[in-house]
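Fold and contact review
Each chain, letter by letter, is given below.
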Amino acid sequence: MTFDDTPRTRLLAWNGLRFSPPATWEPRVVASRHLVFEEDFQPRLQLRWQTKTKATEEDLQRLAAGLAGPAGSVGFGAELPSPWLAIDQDYQLFLALQGSDEQVAGGVCFCRTCHTLLQFQVLHENHRSRLEVGRWLATLSCHGQQQSLWRIQDFSLITPPAFVLTDFNFAAGLTRLSFADHDLRLETCKLAPADLRLRHHSLAEILLTLCGADDLVTWQDERGESCQATRTPGIAGRVLLRLRRQRPYLRALIRHYAAANRILAVILSANRRIPPELFLSLCNNYEIVQEERTAKTADPN
């Protein structure tokens, strides 16, 4: 099939998965490994995945058959329609087919390299939309990256692979992601609109509120675009904070992105001294981005 008027795409990344759907698709995070993509307030595609799973061919067929429903069928191997052949090179793929014309209703992808199991479901009845889903899923990437990329909404974050997502919140005006690596705790925050928040509070006040502490040493840059905070207690202070079940050491940075009307904050805490290079790397790799949108499907690598 020939596709005309190729939509622009953008790279999205969430919890080990990278994907380049049309730029008009808006991702909604449902769970730590569950995304729903919407366009014009209508759902288009649902993705769920598990990492390092063990699944037999019978398991994959059974999962796909469940998506097809009682009147559907499962397609695989040489029977795959042409838009899905690119996926079949890297993933063991089973399509859930429905209707007399066997439109794709969903399916299962099982990575032959890292054993990630991904289930997808097409949520739109439009015939062409169903056919094109295979094209977008061909951009999937689930392994081979040295660092973890988190790219959703209008921000991009890179974390070391040892940091595991523990919680997230996408509330109105506040996006907050929480990670853990042994005793290290990382929180990143995005606040909007910045002008409204700065009308009532300074960057330092906002940062102290986000940190949930008032015993931090703070300093602001000369232009007033960023503020840092730190806590390096002595022996008595460390004992007291641990009795309160708080991590004694803390470093934080907050930045105002005036052009985007956003505020970003990085908060890193630990029971031991925080490596300065780790904190600097996290700060330098958390930013507001203008999504790269091209007329071709973006390479997720």
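Residues numbered from 1 in each chain as written. Predicted model: local features only at pLDDT ≥ 70, side-chain atom pairs only at ≥ 80, totals over all residues. Heavy atoms only, no water.

**Describing the overall build of the chain**
- For the chain, the count of helices and strands is seven helices and 19 strands.
- Split into buried and exposed, the 301 residues of the chain put 45% on the buried side.
- The long-range fraction of contacts in the chain, counting pairs at least 24 apart against all pairs at least 6 apart in sequence, stands at 51%.
- With the model as given, the accessible surface of the chain reaches about 15,600 Å², and the carbon-plus-sulfur share is 49%. (Helix = DSSP H or I, 4+ residues; strand = E, 2+ residues; numbered from the N terminus. Buried < 20%, exposed > 50% of the residue type's maximum accessible area, 1.4 Å probe, protein only. Contact = heavy atoms within 4.5 Å. Areas by Shrake-Rupley, 256 points an atom, 1.4 Å probe, with all protein chains shown as cover.)

**Side note on the nonpolar core**
- By size, the foremost hydrophobic cluster in this structure holds 52 residues, and its most contacted members are Trp14, Leu45, Leu47, Trp84, Phe120, Leu137 and Leu268.
- Among the nonpolar cores identified, the runner-up in size contains 19 residues, and Cys189, Leu191, Ala213 and Leu216 belong to it. (Core = buried A, V, L, I, M, F, W, Y, C linked by side-chain atoms within 4.5 Å.)

**Here's the deal with the environment of glutamine 42**
- Turning to its location among the elements, glutamine 42 is positioned in strand E5 (residues 42-50).
- Owing to a relative accessible area of 44%, glutamine 42 belongs among the partly exposed residues under this scheme.

**A word on the pattern of salt bridges**
- For the structure on display, the rule yields 10 salt bridges.
- Of the charged contacts, one joins glutamate 26 and arginine 10 as a salt bridge, the two residues approaching to 3.2 Å between their closest N and O atoms. Separated by 16 residues along the polypeptide, glutamate 26 in strand E3 (residues 26-31) and arginine 10 in the segment before strand E1 (12-14) bring together distant segments of the chain.
- Between glutamate 225 and arginine 223 there is a salt bridge, with the nearest N and O atoms lying 3.5 Å from each other.
- Looking at glutamate 225, the relative accessible area reads 35%, which means it is partly exposed. (Salt bridge = Lys/Arg side-chain N within 4 Å of Asp/Glu carboxyl O.)

**A closer look at the packing of aromatic side chains**
- All told, the structure shown has eight aromatic pairs when counted by the stated rule.
- Measuring from centroid to centroid gives 5.1 Å for tryptophan 14 and tryptophan 150, while their planes differ by 90°, and the two rings are edge-to-face. Of this pair, tryptophan 14 sits in strand E1 while tryptophan 150 sits in strand E10 (residues 148-152), and the two are 136 residues apart along the sequence. Each member of the pair tryptophan 14 and tryptophan 150 is classed as buried. (Phe/Tyr/Trp six-rings, centres within 6.5 Å; stacked < 30°, edge-to-face > 60°.)

**Quick look at the pairing of strand E7 (residues 91-98)**
- Extensive coverage of E7 is indicated by the burial of six of its eight residues.
- Sheet topology places E7 next to strand E8 (residues 103-111); eight bridges connect them, and they run antiparallel. Directly across from phenylalanine 94, in E8, lies its bridge partner valine 108. (Pairing = 2+ DSSP bridges.)

**A closer look at the confidence of the model for the chain**
- Here the chain averages 86 in pLDDT, and 87% of its residues register 70 or above.
- Segment residues 292-301 is flagged for pLDDT under 50; beyond a separation of four residues in sequence, or across chains, it makes 29 contacts in the model. (pLDDT = per-residue confidence, 0-100.)

**Structural notes on the sheet that holds strand E15 (residues 217-220)**
- Taken in spatial order, the seven strands make up an open sheet running E12-E13-E14-E18-E17-E16-E15, and their pairing is antiparallel. Edge strands, defined here as strands with exactly one partner in the open sheet, are strand E12 (164-171) and E15. When the angles between neighbouring strand axes are averaged without regard to direction, this sheet yields 10°.
- Here helix H5 (residues 203-211) sits on the sheet and contacts strand E13 (174-181), strand E14 (184-191), E15, strand E16 (226-231), strand E17 (249-257) and strand E18 (262-270); the angle it forms with E17, its principal contact strand, is near 135°. (Axes fitted to C-alpha atoms, helices over the stretch in contact; angles between N-to-C directions.)

**What to know about unusual backbone geometry**
- In the segment running from alanine 192 into proline 193, the intervening peptide bond is cis, with an omega of -5°.
- By secondary structure assignment, the location of proline 193 is in the loop between E14 and helix H4 (194-198).
- Of note in the backbone geometry, asparagine 15 takes a positive phi value of approximately 50° without being a glycine.
- Within the fold, asparagine 15 resides in the loop between E1 and strand E2 (17-19).

**A closer look at helix H7 (residues 276-284)**
- Along H7, the residues that are buried comprise Leu278, Phe279, Leu282 and Cys283. Buried residues in H7, looked at end-on, bunch into an arc of 130°, giving them a common side. Exposed residues pointing more than 90 degrees away from the buried face of H7 are listed as Glu277 and Leu280.
- Close packing links the buried residues of H7 with strand E11 (155-159), E14, E16, E17, E18 and strand E19 (286-288). (Arc of directions from axis to C-beta.)

**Here's the deal with the environment of cysteine 109**
- Looking at the secondary structure, you find cysteine 109 in strand E8.
- You can call cysteine 109 buried: its relative accessible area is 0%.
- Along the sequence, cysteine 109 and glutamine 119 sit 10 residues apart, while their C-alpha atoms lie 6.4 Å from each other.
- The contacts of cysteine 109, once residues within four sequence positions are left out, are Ile87, Tyr91, Gln92, Leu93, Thr116, Leu117, Leu118 and Phe120.

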